[in-house]
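Listed here are the chains, written in short residue letters.
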Amino acid sequence: MRTLLTYSMVFPRRSAYVLLALLAAGIAEGLSLTALLPLISIAIGGTGDSDIGRVIVGTLQGIGITPTIGVMLLIIVGGMLVKSLILLLANRQVGYTVAHVATTLRLDFIKALLASRWQYYLRQPIGSLANSVATEAYRAANGFEHSANVLALSMQVLVYSVVALFISWQATLTSLLIGMILLLALHRLVRATRRAGSKQTHLIRHLLTYLSDILNSVKSLKAMGRDNVADAILRDQTQQLEKATRREVMSREALLALQEPILAALTASGLYLALVIWELSLPEVMVMAFLLTRILGLLNKTQRRFQQLTAQESAYWAMRAATEEAQAAAERTTGTLQPTLQQGISLKHVSFDYGTKSIFRDLNIEISVKSFTTITGTSGVGKSTLLDLLCGLAEPKSGEILIDGVSLHDINLRLWRYMIGYVSQETILLHDTILTNILVGAPDLAYADAERALHQAGAWDFVSALPEGLHTVVGERGGLLSGGQRQRIAIARALAHQPLFLLLDEPTSALDPDSEQIICETLQRLAQNFTIIAVSHQPAVVNAADTVYALSKGKAERIQRSPGSDSHSESLGILNVAADNT
Ligand SMILES: Nc1ncnc2c1ncn2[C@@H]1O[C@H](COP(=O)(O)OP(=O)(O)OP(=O)(O)O)[C@@H](O)[C@H]1O
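Residues numbered from 1 in each chain as written. Predicted model: local features only at pLDDT ≥ 70, side-chain atom pairs only at ≥ 80, totals over all residues.

The protein appears in an unreviewed UniProt entry as ATP-binding cassette, subfamily C from Nitrosospira multiformis.

A. Fine view of the overall build of the protein. Helix and strand counts for the protein come out as 20 helices and eleven strands. What you see for the protein is a C-alpha radius of gyration of 36 Å, clearly larger than the 25 Å of a compact globule of 582 residues, by over 25%. Once the C-alpha set of the protein is aligned to its principal axes, its extents read approximately 125 × 50 × 50 Å. The buried share of the protein, taken over its 582 residues, is 40%. For the protein, restricting intrachain contacts to residue pairs at least 6 apart in sequence, the fraction spanning at least 24 positions comes to 79%. (Helix = DSSP H or I, 4+ residues; strand = E, 2+ residues; numbered from the N terminus. Rg over C-alpha atoms; globule rule 2.2 N^0.38 Å. Buried ≥ 20, exposed ≤ 12 C-beta atoms within 10 Å, placed from the backbone. Contact = placed C-beta atoms within 7 Å.)

B. Focus on the environment of A244. Among the structural elements, A244 can be located in helix α10 (residues 227-277). When the 19 C-beta atoms within 10 Å are taken as the criterion, A244 is described as partly exposed. Taking C-alpha positions, A244 is 40 Å from L480, a pair spaced 236 residues apart along the chain. For A244, the residues in contact, after removing those within four places along its chain, are A196, K199, Q200 and L203.

C. Region of interest: the nonpolar core. If you look at the biggest cluster of nonpolar residues, it comprises 67 residues, and the most contacted ones within it are M288, I295 and M319. Residue assignment for this core shows that the elements contributing at least two residues are α2 (12-33), α3 (36-43), α4 (51-62), α5 (69-114), α7 (126-167), α8 (169-216), α10 and α11 (282-328). Counting 65 residues, the second-largest nonpolar core is a separate cluster that includes F360, L389, L503 and F530. (Core = buried A, V, L, I, M, F, W, Y, C linked by C-beta atoms within 7 Å.)

D. Here's a closer look at the site of the ligand. If you check the shell around the ligand, you find 14 residues, and the closest are Y354, S379, K383, S384 and T385. Breaking the shell around the ligand down by element, the ones donating at least two residues are α6 (118-122), β2 (357-368) and α12 (383-391). Here the shell around the ligand takes three residues from α12, the largest share from any one element. (Near = placed C-beta within 6 Å.)

E. Here's a closer look at the environment of G554. With respect to the helices, strands and loops of the structure, G554 is situated in the loop between β9 (547-552) and β10 (555-559). With 17 C-beta atoms counted inside 10 Å, the residue G554 sits in the partly exposed group. Once the C-alpha coordinates of G554 and I110 are considered, the two residues, 444 residues apart in sequence, prove to be 35 Å apart. If we skip the residues at most four places from it in the chain, G554 touches S358, I359, F360, R361 and L363.

F. The UniProt feature "transmembrane region" (unreviewed entry) in the protein, seen in detail. UniProt records the feature "transmembrane region" (unreviewed entry) for residues 69-90, 148-167, 173-190 and 254-274 in the present numbering. Secondary structure content for residues 173-190 is 100% helix and 0% strand, and the end C-alpha separation is 24 Å. Counting secondary structure, residues 254-274 comes out at 100% helix and 0% strand; the distance between its end C-alpha atoms is 30 Å. (UniProt positions renumbered as here; feature names shortened; annotations may be inferred.)

G. Geometry of the packing of α2 against α7. The interhelical angle for the contact between α2 and α7, taken along N-to-C directions, is 30°, at an axis separation of 9 Å. Taken together, the axis directions place α2 and α7 in an arrangement best described as roughly parallel. The interaxial crossing formed by α2 with α7 has right-handed handedness. Taken together, the residues of α7 that come into contact with α2 (itself represented by V18, L19, L22, L23, G26, I27, E29, G30 and L33) are A148, L151, A152, M155, Q156, L158, V159, V162 and V163. (Axes fitted to C-alpha atoms, helices over the stretch in contact; angles between N-to-C directions. Parallel < 35°, antiparallel > 145°, perpendicular 65-115°, else oblique. Left-handed = near helix turned anticlockwise from the far one by under 90°.)

H. Region of interest: the domain arrangement of the protein. Taken domain by domain, the protein consists of domain 1 (2-328) and domain 2 (344-580). For domain 1 and domain 2, the distance between their C-alpha centroids amounts to 56 Å. (Domains from an automatic or database assignment.)

I. Structural detail: the sheet that holds strand β5 (residues 406-407). Spatial strand order, β2-β1-β4-β5: four strands in an open sheet with antiparallel pairing. Each of the sheet's edge strands pairs with one partner strand only, and the pair in question is β2 and β5. In terms of strand pairing, strand β1 (residues 344-354) meets β2 through eight bridges, oriented antiparallel. Paired with D353 across the bridge in β2 is S358. (Pairing = 2+ DSSP bridges.)

J. Representation of helix α17 (residues 483-495) in the model. Under the 1.5 Å per step criterion, the end-to-end length of α17 is 19 Å for 13 residues, consistent within 8% with the ideal 18 Å. Burial analysis of α17 places twelve of its 13 residues in the buried class, the great majority of the element. Of the positions making up α17, those classed as buried are G484, Q485, R486, Q487, R488, I489, A490, I491, A492, R493, A494 and L495. Buried positions along α17 lie against β6 (420-423), α14 (434-439), α15 (447-456), α16 (460-465), β7 (501-505) and α18 (513-526). (Expected span 1.5 Å × (residues − 1).)

K. Structural context of unusual backbone geometry. The phi angle at K370 is positive, at roughly 50°, despite the residue not being glycine. Looking at where K370 falls in the secondary structure, it is placed in the loop between β2 and β3 (372-377). Since 16 C-beta atoms lie within 10 Å of it, K370 is described here as partly exposed. Here K553, not a glycine, exhibits a phi torsion of approximately 50°, which is positive. Within the element layout of this structure, K553 appears in the loop between β9 and β10. C-beta crowding within 10 Å serves as the criterion here: with 10 such atoms nearby, K553 is assigned to the exposed category.

L. Focus on the pairing of β9. Counting buried positions along β9 gives five out of six residues, so the element sits mostly inside the fold. Two elements, β3 and β9, share five bridges in a ladder whose sense is parallel. The residue bridging T376 from the neighbouring strand is A550, located in β9. Note: β9 against β10, five bridges, orientation antiparallel. Within β10, the position partnered with S552 by the bridge is K555.

M. Fine view of the packing of α10 against α11. Relative to each other, α10 and α11 sit at 160°, their axes nearing to 10 Å. By the angle between their directions, the pair α10 and α11 is classed as roughly antiparallel. In the crossing of α10 with α11, the sense of the turn from one axis to the other is right-handed. Contact with α10, carried on its side by E248, R252, L255, L256, Q259, L263, L266, T267, G270, L271, A274 and L275, involves V285, M288, A289, L292, T293, L296, G297, N300, Q303, R304, Q307 and A311 of α11 and no other residues of that element.

Following this line, the structure appears as structure tokens:
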């Protein structure tokens, strides 16, 4: 019930339109049904000996229409036709709304997720996110369709009941009461369906999370002959899902099976009451039998639709919970100042923790504009975290990051990030063309930008040698290219929008020495116009830099070039550090 109300509140205009159309359809049906009683009276030779029959006959005669069998049939058929037309419109609206509900849920979720803090995003399993956007949004939207049907059927129950009340209020109230008892008696099956539905939502999410993890590492699992372990786990989860589905099917079919005989018994007792106890006339009994059978049948259908709604509703709530959680983890947007990068970047007394794990304590770094700085240090020392701090993806616990003397905290982060070109440690390309991978949908970039960026990244030679050039599809995660080629495409992507500040996380780790040299020369050349920071263990990248910082024990040490040595890596000894604290 809460879901039904929630749908109406979250989509009020669309729900109101559907509700009004259903009401109009119900009224058209009700009006046509009122002709049923006089019709039967006329058919069996009477003039309509019930109040409602007399009113209808009188009304028709009042407007100059003789109430013949033909007229009555026309009213009934006409009313049903009008009802069907209005229902058609209402159902079309329901269909559109189902698509709209799915789209709204998906877009809200994606927007909230992309606007969430980086640390929050990192904790979300990709399979679960994909499941929310694909399966849960679809199931939740179907839930709306079922709730619209519950409303439509309830409306019809109401109309039939009002007409029946005019004929015999005792018989109507008694059968409605009995109908309610029937619904209550069978409600256990609805509850069982709800439980099975929640279980399915949970299991599908779990299964897809696990599946996406497995698919990401399938090569190494196969190579080590461990694919059977993953297979067993996936099989177990799939079987659990099947069990939950079976439970849902069982409840649904049990409801259907039990409703039929109970309905027959109720109709028979209603007829007995009408004929023997309340001694209604034959036309009244015939109309009542028709109406009450319809009412009870509609109540049954309403309950079945409600049951289907309960099977789907958990997807709606799961998706809403995921969206609200992401919204609560939204990134801070306190900064408003326009960033500039003309003087330099300073990190002053920066400290940063991941939970209880301290990464930086009193980190001090100076970066001049139009220079090439390499950050080096042992694995896990915090090099990538430093890049996250510079992008504003993580915030210092204390201390300040100053951009041209202005605290990053006060700068508009979005504008700051527009100035950044970023190459991540893992090069993941889209399953699309090289051109798309470089432009990634940016409307202000064109083919010429991609071509220039490829030249700058030292990738033009191999791309132009491909039969389809920039229009070559790179395969799943760029699998049709070598590691080095992927990395150069990623660098080209970072350069396409001509950033002022280039951040590279291990930009040459997958390159051969020649390609690495090309990248290093490219970076040195780019440093004449851009500010570049590269995180790297590679001696070539360390040597190519104007400035080198080594991270160690939460601090940064600036490495001075030793007199007589023409290589930083030598001075690092790698890493026999001749460092001085700046
Ligand atoms: N999101 C996170 N939550 C908790 N701990 C994290 C998170 N990201 C990184 N860490 C931890 O922080 C430390 C620094 O990680 P970081 O990735 O910055 O190191 P790194 O120097 O770049 O390592 P590598 O050279 O191996 O890439 C590591 O010990 C890592 O386990």
